[in-house]
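Secondary and tertiary structure notes
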Amino acid sequence: MSVDVLFHGAEEDPVAVPSIHDAFELYGATAAGIGALPEGIDQNPVYFRAQYDANWAWSIVASDDMPAWWERYAAERYGFGDGAAASAAAAAKAWQLLGETVYGVDERQNATEGGFEREKAKGGFLSAPLLDNYNDIPSHNVYNMTMVLSVWKFLVEAATAANTDSIVATLSYDIANVGRQCLDSVADLYYNELITAKSLAEAQGAAQQYMTLMADADDLLCTDASFLASAWMRAAREVDGSTSANADFYEAMARAQITTWLPACESPSDYADGVCSIHYQDQEPPLEDYANKAWGGLIAGYYAQRVQCYLDEALLPANDGLMERVNITSMFECIDQLNRDYQSDSITDELDETNPRQMCLQPTGDIVAISSELIAKYGALMPQK
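Rules used in this analysis
Residues numbered from 1 in each chain as written. Predicted model: local features only at pLDDT ≥ 70, side-chain atom pairs only at ≥ 80, totals over all residues. Heavy atoms only, no water. Core = buried A, V, L, I, M, F, W, Y, C linked by side-chain atoms within 4.5 Å. Buried < 20%, exposed > 50% of the residue type's maximum accessible area, 1.4 Å probe, protein only. Contact = heavy atoms within 4.5 Å. Helix = DSSP H or I, 4+ residues; strand = E, 2+ residues; numbered from the N terminus. Expected span 1.5 Å × (residues − 1). Phe/Tyr/Trp six-rings, centres within 6.5 Å; stacked < 30°, edge-to-face > 60°. 1 Å grid on protein atoms, 1.4 Å probe; cavity = no way out; pocket = protein on both sides within 12 Å on 5 of 7 lines; lining within 4 Å. Points joined across faces, edges and corners; volume = space filled by probe spheres on them. Nonpolar A, V, L, I, M, F, W, Y, C, P; charged D, E, K, R; others polar. Patch = residues over 30% accessible without salt bridge, like charges linked within 9 Å, V, L, I, M, F, W, Y side chains within 5 Å. Areas by Shrake-Rupley, 256 points an atom, 1.4 Å probe, with all protein chains shown as cover. Salt bridge = Lys/Arg side-chain N within 4 Å of Asp/Glu carboxyl O. Lys, Arg positive; Asp, Glu negative; His and termini not counted. Charge placed at Lys NZ, Arg CZ, Asp CG, Glu CD.

Ranked by size, the top nonpolar core spans 85 residues in total, and within it Phe125, Trp152, Leu183 and Leu194 carry the most contacts. Not counting chain neighbours up to four residues away, the residues in contact with leucine 183 comprise Phe125, Trp152, Leu213, Ala217, Leu220, Leu374, Tyr378 and Met382.

Taking 1.5 Å per residue as the helical rise, helix H7 (residues 169–195) with its 27 residues ought to reach 39 Å, and the 38 Å between its terminal C-alpha atoms agrees with that figure. With 20 of its 27 residues buried, H7 lies for the most part within the structure.

Across all of its chains, the model carries 14 aromatic pairs by this definition. Ring geometry for tryptophan 70 and tryptophan 95: centres 5.9 Å apart, planes at 10°, overall stacked. In this pair, tryptophan 70 sits in helix H3 (residues 66–78) while tryptophan 95 sits in helix H4 (residues 85–100), placing the two residues 25 residues apart along the sequence. The burial state of tryptophan 70 is the same as that of tryptophan 95; both residues are buried. On the basis of an interplanar angle of 55° and a centroid distance of 5.2 Å, the ring pair of tyrosine 302 and tyrosine 342 is categorised as tilted. In this pair, tyrosine 302 is assigned in helix H11 (residues 299–314) and tyrosine 342 in helix H12 (residues 328–344), connecting sequence segments 40 residues apart. Owing to a relative accessible area of 0%, tyrosine 302 belongs among the buried residues under this scheme.

Another point: H4. Taking 1.5 Å per residue, 16 residues should reach 22 Å; H4 reaches 22 Å between its end C-alpha atoms and fits that length. When we look at burial in H4, the residues that qualify are Ser87, Ala90, Ala91, Ala92, Ala94, Trp95, Leu97, Leu98 and Gly99. On its buried side, H4 packs onto helix H2 (45–52), H3, helix H6 (145–162) and H7.

A separate point is the environment of isoleucine 347. Inspection of the secondary structure assignment puts isoleucine 347 in the loop between H12 and helix H13 (367–378). Between the C-alpha atom of isoleucine 347 and that of arginine 237, which follows or precedes it by 110 residues, the distance is 9.5 Å. Other than its neighbours up to four places away in sequence, isoleucine 347 contacts Ser230, Met233, Arg234, Arg237, Glu251, Arg255, Met359 and Leu361.

Keep in mind that most residues, glycine aside, have a negative phi and that most peptide bonds are trans. Here the phi dihedral of aspartate 289 falls at roughly 70°; this positive angle occurs in a residue that is not glycine. Here aspartate 289 lies in the loop between helix H10 (247–257) and H11. For aspartate 289, a relative accessible area of 5% gives the class buried. One non-glycine residue, aspartate 320, lies in positive phi territory at about 55°. Along the chain, aspartate 320 turns up in the loop between H11 and H12.

Rolled over the atoms, a probe as big as a water molecule pinpoints where empty space is left. By volume, the second largest pocket is sized at about 370 Å³. For the lining of the second largest pocket, the secondary-structure elements that each account for two or more residues are H6, H7 and H13. It is H7 that contributes the most residues to the lining of the second largest pocket, four residues altogether. Residue composition of the lining of the second largest pocket, grouped by class: ten nonpolar, nine polar and three charged.

There is a patch of like negative charges on the surface, built from Asp349, Glu350, Asp352 and Glu353. The residue aspartate 352 is located in the loop between H12 and H13 in this model.

If you want it as structure tokens, here you go:
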């Protein structure tokens, strides 16, 4: 059987293109399995694993078998043996909580916000004040962050209890990923404090907290190879050999895709051709942030620098920290220059500690120690339920 399906069906014609759940209800007798060709896989392994199991558990979201499925998934993902019972138990608790909360909402029933919000809402790390896109407003807290924080703690506990010289790669990935989500909820808080500041002192305080958090998040993500922006650039350079004449071009295009999508325009006159990105007549480019990523080296080296363009205006004494006084034209000019600079940088450049766009080139730091420090520092600030 081959049925063209979407996970939640096509909004414009759910009958012609049903959800994957409805497809199995309609064609289950002849179903042999499913495949996926997603435009953006969003690096969510369990989401696709669950869907691939759907042929054997069609109502997988509501199934009574799901608690056992989550426990089995944790065991298979990390491979903890009989000698690591404490680690296995902590990992199982983490995934049970994720299964009950983040992955426990049937989008077709009682969902407060749909899948679009979960996929497209950027959160505080990837946003900047006064960008016009709806998703640049980080107000879409769709998760129970009390539970997600507990998941982060359980995963750190699992790694600590394993007491090994190195952490299983999948566990390292999950600690970084869940930690990123937790810290992003705090970034939402600081973002909103910044844009609602009523005085220069308030804006300065919010700005310092916001930028420190972004640096802390970057440190966390730089511990794991899967979250390095530099790995994306390195892969681009090696498309036809890292020393080829095209390597710099490929890296520049890779940098453009995850920031402005189209390459940054050198000047407004280039915009007429429609093949580059610039803020033209105070309008946001249509594809800016289309492929945004919360990666180590990108949060501190790009997104924080974009916020800095706002701060350079808002924190002028004459503007008193007030968003409505910001010269948006000057701010956009700053962002456009940042885009040009970021896309002309290279991971082959000599190390320059004075360059705020400098990024981690290899995994650095102890993910367990850094996570523990960040949980203690920010845990009480995460939205509580």
